[in-house]
Amino acid sequence: GAMAALLLAVLLVPLLAAPGRARRDALREELLLSPLPAGDVAATFQFRTRWDADLSSGAVSHYRLFPKALGQLVAALGVRELHLALTQGFWRTRTWGQPPLQAPAGAELWVWFQPTVTNVDKAWKELSNILSGIFCASLNFIDSTNTVTPMASFKPLGLANGTDHHLLRYAVLPREVVCTENLTPWKKLLPCGSKAGLAVLLKAERLFHSSYHSQAVHIRPVCRDASCLAVSWELRQTLTVVFDAFSSGQGKKDWSLFKMFSRTLTDACPLASESKVYVDISPKNKEKELLEVTPPPTSVHETIVQGDKRTYAIYDLLSPSLFNTSRSLNVQLKWKRPEDSSELPTPVLHAHRYVSGYGLQTGEISTLIYNTHPYRAFPVILLETVPWYLRLYVHTLTITTKGKENKPSYIHYQPAQDRRRPHLLEMLIQLPANSVTKITIQFERALLKWTEYPPDPNHGFYVSSSVLSALVPSIIAMKNVDVEQSPLFTSLFPSSDGSSYFLRLYTEPLLVNLPTPDFSMPYNVICLTCTVVAVCYGSFYNLLTRTFHVEEPSRGGLAKRLANIIRKFRGVPLL
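Basis of the calculations
- Residues numbered from 1 in each chain as written.
- Predicted model: local features only at pLDDT ≥ 70, side-chain atom pairs only at ≥ 80, totals over all residues.
- Heavy atoms only, no water.
- Helix = DSSP H or I, 4+ residues; strand = E, 2+ residues; numbered from the N terminus.
- Buried < 20%, exposed > 50% of the residue type's maximum accessible area, 1.4 Å probe, protein only.
- Contact = heavy atoms within 4.5 Å.
- Disulfide = S-S within 2.5 Å.
- Pairing = 2+ DSSP bridges.
- Axes fitted to C-alpha atoms, helices over the stretch in contact; angles between N-to-C directions.
- 1 Å grid on protein atoms, 1.4 Å probe; cavity = no way out; pocket = protein on both sides within 12 Å on 5 of 7 lines; lining within 4 Å.
- Points joined across faces, edges and corners; volume = space filled by probe spheres on them.
- Nonpolar A, V, L, I, M, F, W, Y, C, P; charged D, E, K, R; others polar.
- Domains from an automatic or database assignment.
- Core = buried A, V, L, I, M, F, W, Y, C linked by side-chain atoms within 4.5 Å.

Participant: Which parts of the structure should I look at to understand the environment of L190?
Facilitator: Looking at the element boundaries, L190 is found in the loop between α5 (180-188) and α6 (204-207). Its relative accessible area of 6% is what places L190 among the buried residues. Sequence separation between L190 and R48 is 142 residues, and the spatial gap between their C-alpha atoms is 9.4 Å. Once residues within four sequence positions are removed from consideration, L190 is found in contact with F47, A199, L202 and Q237.

Pasting the structure below:
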């Protein structure tokens, strides 16, 4: 009897402890639908897994919602923060507005390591190779020639004791192409995969038939509660896609979930504690609302996002009344009347970048930064990463605003080393109100070794996007809200105060031509040489080495001699 009671107690302890352990991690999923000018639609998915565990110690063995591959990666390599984005296309800030999350074209990776990591470069190389295998991307091409250590631009987004920038690494691969082989492992990291919840809409055929596609993974430590005595780990998987899906008939631009994703929502993820769909129904001007949504939303939420007042229709997938009338949710948005795109306000901060010059020896990189705020000036941190084969002339750096020189208050420049590291230029520039600031710097093109050219050298060489980091003045005063109660798309970047909000923008990547040898010339030389050898040398060699023999006329064959013998006996003339 005592042994049976002991066995029962041993079996019940894990069952009693399991619910408490299950509450240590939680999943929130969210979809934000934002109508854009000209009928475009932006859809932003966010899946946040929060785990009350100490990953950095490496003592965690049981994984429930948090992906084990990423958890072991954080513990083994001493990662404090990890941000990876894979993007196809370019977010047009001037016409589409400021995005919830923007990333540069290609692959972007920036990581903060723990102070206990002794060899940061070795850990950085191992990390990029492991992530390359997890996400089936070409991150293994990250090396010292495209890695920099910014001093001012990329501060930790999570909980940080200090900011020793020697523990930070940042790299961009602008040539990286994003496709389904990157999306599939990204979806497998979700607790419900793509079988239930909002992830049902992630149909690769529709996601990549779009103007812009960006998927990202963000891992960071956050405070467990308001006292911040303990640390939790947060994993955010975000996906932003912009569709040109609208049907223009009788001046209307209508769309729905089925038109965008070819699927509808049937239920929430069973493991999620919160599952919501937000639809931006904010009026684009001071008149009445222009958008109406069907079916009726569960609730309507008003908040201030990026300094502007927004109104959202919310569909709570965990609400029992949502699926009472129908088994699926197909959110539809209709325009009450055609929208006048000329009334749309221009974003407070946006930028444009291009390369100029002629010939293949010198050129110039120009960056235009616009501050459209009518009366507020604010500083911006500009980060430029230029490959080593574009040799910058730093003495030609000019910054002009309204026709006058604009001296930066902070400059950090790290010159490039051939085939070792790129140029790094960081500047803190003050942007006056309602102004355009132009930054130009000249460069000289280097001549590469013939083995260093890619297979398509005449396509050009990419220069990664510039990064703009700024605290943009808010038009409307923002209030401090609880992060757990606010939508996910408002809580990635920490807010400083109610008068401004943090914004990070990326410019266009550049495509620069370098002096390129005529790689078809070896083929032509080989063909000509082989022809000369075959025709000329072959004929001469044949004449010089051939031996000639004079053949005497033969007396005839055996048949002829036999015939003559017979004719001789018969007395007939010989042949």
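Participant: In this structure, what is going on with the state of the cysteines? I would like to understand it.
Facilitator: Every disulfide links exactly two cysteines, by a covalent bond between their sulfur atoms. Tallying each qualifying case throughout the model produces 1 disulfide. There is a disulfide in this structure between C192 and C269, and the S-S distance comes to 1.8 Å. Of note, the bridge from C192 to C269 carries an S-S torsion of about 70° and is right-handed in sense. Remark: C269 occurs in the loop between α7 (257-261) and β11 (274-280) and C192 occurs in the loop between α5 and α6; sequence separation between them is 77 residues. We classify C269 as buried; its relative accessible area is 2%. Not part of a disulfide, C530 finds its nearest cysteine sulfur in C527, a span of 6.9 Å.

Participant: What am I meant to see in the sheet that holds strand β18 (residues 378-386) here?
Facilitator: Backbone hydrogen bonds hold the strands of a sheet together, and the pairing may be parallel or antiparallel. The 5 strands lie next to each other as β21-β22-β18-β25-β26, forming an open sheet whose pairing is antiparallel. Pairing within the sheet leaves two strands with one partner each, and these edge strands are β21 (410-414) and β26 (500-506). With strand direction ignored, the average angle separating the axes of adjacent strands in the sheet is 15°. As paired elements, β18 and strand β22 (residues 423-431) share 9 bridges and run antiparallel to each other. Bridged to L383 within β22 is E426.

Participant: Help me out: how do you make sense of the layout of surface pockets in this one?
Facilitator: Which parts of space are left empty comes out when a probe the size of a water molecule is rolled across the atoms. Quantified by volume, the second largest pocket comes out at close to 970 Å³. Lining the second largest pocket are 30 residues, and of these T145, N146, R175, Y389 and F461 lie nearest its centre. Elements supplying a minimum of two residues to the lining of the second largest pocket: β6 (168-173), β18 and β24 (461-463). Looking at which element gives the most residues to the lining of the second largest pocket, the answer is β6, with 4 residues. For the lining of the second largest pocket, the class distribution of residues is 18 nonpolar, 7 polar and 5 charged. Here the lining of the second largest pocket gathers at least three residues from each of two domains, domain 1 (47-251) and domain 3 (349-479 + 492-512).

Participant: Would you take a moment to explain the nonpolar core for this structure?
Facilitator: Most often, soluble globular proteins keep nonpolar side chains buried together rather than apart. Counting 85 residues, the largest nonpolar core has F45, L82 and V279 as the members making the most contacts within it. Sequence-distant contacts of V279, that is, excluding residues within four places in its chain, are made with L33, V293, T311, Y312, A313, Y315, V331 and L333. Formed by 35 residues, the second largest nonpolar core is a distinct cluster that contains L390, Y453, L503 and L510.

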